[in-house]
Structures are given as structure tokens and as C-alpha cells.
Amino acid sequence: MNNESLWSIFINTSLINNFVLAYFLGICSFLGVSSKVETGLKMGAAVTFVMVISALCAYGINALLTAINAPFLQLISYIVVIASTVQLVEMFVKKTSPALFKALGIFLPLITTNCAILAVALFQTSKGYGLLQSFVYALGGGIGFTLAMVLMAGLREQLVFSETVSVAKGTVIVLLVAGILSLSFMGFAGLGG
Amino acid sequence: MSTIPQNKSDKGFFSSLANHPNTDEFTRGLWRDNPVFVQVLGMCPSLAVSNSAINALAMGLATAFVLLMSNILVSLLKDFIPKQVRIASYILIIATFVTIIDYVIQAVSIDLHKNLGAFISLIVVNCLILSRAEAFASKNNVSKSILDGLGMGLGFTFALLCIGSLREIFGSGSLFGYEFMPSNFEKWVIMVLPAGGFFSLAFLLLIFNYFKLKKEGL
């Protein structure tokens, strides 16, 4: 059992060890959907929701698997939980906001293969977090993801107006911006305990 | 690819190899459709562990193995998997092989397993593997899928090795742990930090783009 304080977990996952900028998790959707602030924000919200649900389920599953002594099933059961949660979110979004459903497009089902979500489930297990700690960990991770997404989208909206060398157009310039963003997030390193 | 057709003309071995219909499935993953440099797929679990060449190589080979095995199995089972649940089935197949490779790496080298950590498990969500299963293996026969898996896997390993070597040479002044830089070489600490991963990949993509544009005559 890990007795790290909830506040330090939150700061740690959302700012210092930001999933996108420090661990390179969820890069695919980070690069794919971050061209508009609004879409980025909603995508971040969807990811945060799936993250929290799957983190809580993962906690239960881990307890069960430890009880029946079958740790090798861990990965498989986590991914099934995530896939079904994503399916649920997809149905919910389709019903409530067809416009958002269209904007997110292929990236909505791809949340299943968003590494950040599986990573939350795996990391919390290896760190031995309790139920409440897992919840805060997932929430912090999701908010950190959303933050990175919105910052990136804001920068990219401005980037459209600047002249880019033809070799560096597209992914290259976005990666460079992401690198600089990642550097600036290192400034948070002294914050946590 | 057991039989290479006998080429009567004097074109030589390599061009006859290049003309073989199946060779394309293999070679295009290596360069023309390189998963990292061209398709920009499967970066998430890879950039994180590419801070040294040996980690990058291990990660690349592990991913290539999973990619190959899942391609074979998906291709074999393509007629039995109902269309509605295909993605879930693919992910389960992939997760099974990742669990296997996780235990294998643990058996081979505990140190390596510690370095790669949870990122081995994260091979499951490598977009590259799922995209090959969905876009290629589920539509083609086993032998083609094997070639495709091998080509893409090796192309991925090659790309990771490039990033890993670049980061290790400048970040730690060594390659595969062997230090060859002069002792007064100032290490670029930024290269082993997360930001260095973004920069190295951007740099490599820049080179790749340059050659692509040059070929198109722009």
C-alpha cells in the first residue's frame, strides 16, 4: 500500500509528469485532434472520463485477480474494460451531440488505443495505489492530458498564420512545438513533494 | 517467399527480387511506408523508451514480434471473426502476445525489463499493430501477412534504432553503452530528457521530408 498524499499525486500526474509531455503517452490523438481548441477540450473531457472509469474498474479487477492468483490476465482484462467504456462513451456522445461525434470522428473509437488510459491502469497497479488514490491519479492524468491538448491546440491555431519552411510543414513543426512545450513543463519539476 | 522466379533476362538477382509480386509487401514497410517516418504511427510507447540504443532495439524487436504474430493469427482467423466485434478480437489477440513477450523479456534480462517497465505492456495500444491487423492482415492471406508483418516490424525497429542512437550519442556520449566521445565532450542533457525525444524525431522527419521533396523535384 502506497501512502502518498492525494494532493501530491494530483500535482505529480497533471503537471510534473504530464502523460503527454513527459511520458509520451497519447501522442497519436495529441497530434491528431489538437488543431482546434474546442475539439481538443472535448476530446480531453472524453479521455478524462474513460480514464477515471477504467482506473476504478482496474482497481477492482486487480483485487480480484490477486485473490484468484492470476496476474497474467491483468493486461487482457484491463483492455476489455477500456474497450467497453469507450463503446459506452461513443454511444453517449452520438446520442447527445452528433456534431461533436462528427468532429471527433475516427479518434473517438481510437481512445481505446490511447496509451494514456491503459498506462493509468498499469501505473496505478504497479504503484500500489488505493481506491481513492487511483481516482485522483486518473483525474490528474486526464486533466493533464486536457491541459496539454488545449495548450497545443492554441499554439497550432496561431501556427496556421505563420510561414513555415516547406520541409518542416505538417508533423515536423508540430513535433518541434511539442518539444518546446515539454521543455517548459519541466519548470514544474520542483513543485511536488 | 520460398520461391523466387528464375529470371531469364540479365537483370540480376536484386531486380528479379524487386519484380517478385510479394517482395513489395516486405520492402515497403522498411522505407517507402516506414511506420514511424512516413505513417507516424505507434509513437506513444516508443518515444518514451528510446533514450538509449539498446532500449530502443529491445522495444523495436518486441513490437516486431507482436506485430508478426498478430498478423499471422488475424489472417488465419479472418473468416471466423464476426465483423462487429473484430476490433475487440484483434486487441485480445495482441494482448495475448504482449503478455507472452513481457514474460520472455523478464526471463531474458531483468535489467532490461526494469528499464522498459510498463512500456512493454503498452505495446498493446501501439496503433501500428492494430492498424496492420485491420488494414492488411484481415484482408490478405497468411504468407502476405507474414511478409507485411516482418517488413513493418523491421522498419519500425530501424526507425526506433535511429532515434535511440541519436539520443544516446548526443545525450550520453555513447552507443550501446560503449563510450567513444572524447572526454571533454559536453553531453547534451536535453537529448535524454522527454523533450529530446520530440526534437530527435522532428529532426529525422525533417531529413526524410527533405529527400522526399528533392525526389519530387521541388
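What counts, and where the lines are drawn
As a convention, each chain's residues are numbered from 1 in the sequence order in which they are written. Throughout, the order in which chains and ligands are written sets their labels, letters from A for the former and numbers from 1 for the latter. Where local features are concerned, this predicted model is filtered to residues with pLDDT of at least 70; where side-chain atom pairs are given and counted, the filter is 80 or more; whole-chain, interface and lining totals use all residues. Side-chain metrics rest on all non-hydrogen atoms present in the structure, leaving aside hydrogens and water. Counted as salt bridges are all cases of a side-chain nitrogen of Lys or Arg within 4 Å of a carboxyl oxygen of Asp or Glu. Working definition: helices are DSSP H or I runs of at least four residues, strands are E runs of at least two. Numbering for both runs from the N terminus. Burial classification: accessible surface area is computed with a 1.4 Å probe over protein chains only, and a residue below 20% of its type maximum counts as buried, one above 50% as exposed, and the rest as partly exposed. Inter-axis angles, ranging from 0 to 180 degrees, are taken between N-to-C directions of lines fitted to C-alpha atoms, where helices are fitted over the stretch in contact. These descriptions rest on fixed angle ranges, namely under 35 degrees for roughly parallel, over 145 for roughly antiparallel, 65 to 115 for roughly perpendicular, and the rest for oblique. Handedness of a helix crossing follows the sense of rotation of the near helix relative to the far helix, less than a right angle counterclockwise being left-handed and clockwise being right-handed. Every residue pair with non-hydrogen atoms within 4.5 Å of one another is taken to be in contact. Each residue is assigned to one class: nonpolar for Ala, Val, Leu, Ile, Met, Phe, Trp, Tyr, Cys and Pro, charged for Asp, Glu, Lys and Arg, and polar for all the others, Gly among them. Only Phe, Tyr and Trp rings are paired, with Trp represented by its six-membered ring, and only when their centres lie within 6.5 Å; those with planes under 30 degrees apart are stacked, over 60 edge-to-face, the remainder tilted.

Peer 1: Is there a simple way to explain the pattern of salt bridges in this structure?
Peer 2: Oppositely charged side chains may form a pair once their charged atoms are brought near each other. Counted under the stated rule, the structure contains 3 salt bridges over all chains. Two residues, lysine 42 of chain A and glutamate 38 of chain A, come together in a salt bridge whose shortest N-O distance is 3.1 Å. Of this pair, lysine 42 of chain A and glutamate 38 of chain A both sit in helix α3 (residues 37–67), 4 residues apart, roughly one helical turn. A relative accessible area of 55% places glutamate 38 of chain A in the exposed class. Residue glutamate 134 of chain B pairs with arginine 86 of chain B through a salt bridge whose shortest N-O separation is 2.9 Å. Of this pair, glutamate 134 of chain B sits in helix α7 (residues 127–137) while arginine 86 of chain B sits in helix α5 (residues 86–108), and the two are 48 residues apart along the sequence.

Peer 1: Explain the packing of helix α7 (residues 131–159) of chain A against helix α8 (residues 171–185) of chain A here, please?
Peer 2: When two helices pack together, their arrangement is given by the angle between their axes and by how far apart the axes lie. All names here are of chain A. Remark: α7 packs on α8, axes separated minimally by 11 Å, with the N-to-C direction vectors making an angle of 130 degrees. Compared by their axis directions, α7 and α8 come out oblique. Here the hand of the crossing between α7 and α8 comes out right-handed. Residues Leu147, Ala148, Leu151, Met152, Leu155, Arg156 and Leu159 of α7 form the contact with α8, whose participating residues are Ile173, Val174, Val177, Ala178, Leu181 and Phe185. Residue composition of the contact of α7 with α8, by class: 12 nonpolar, no polar and 1 charged.

Peer 1: Quick question: what am I supposed to make of the packing of aromatic side chains here?
Peer 2: Pairs of aromatic rings are described using the distance from one ring centre to the other and the angle between the two planes. Residues and elements named next belong to chain A. With the rule as written, the count across this model stands at 11 aromatic pairs over all chains. Ring centres 6.1 Å apart and planes at 40 degrees place the aromatic pair phenylalanine 19 and tyrosine 23 in the tilted group. Look at tyrosine 23 and you get partly exposed, because its relative accessible area is 25%. Here the aromatic rings of phenylalanine 19 and tyrosine 137 are separated by 6.1 Å at their centres, their planes lie at 85 degrees, and the arrangement is edge-to-face.

These values are about where atoms sit, not about what they do.
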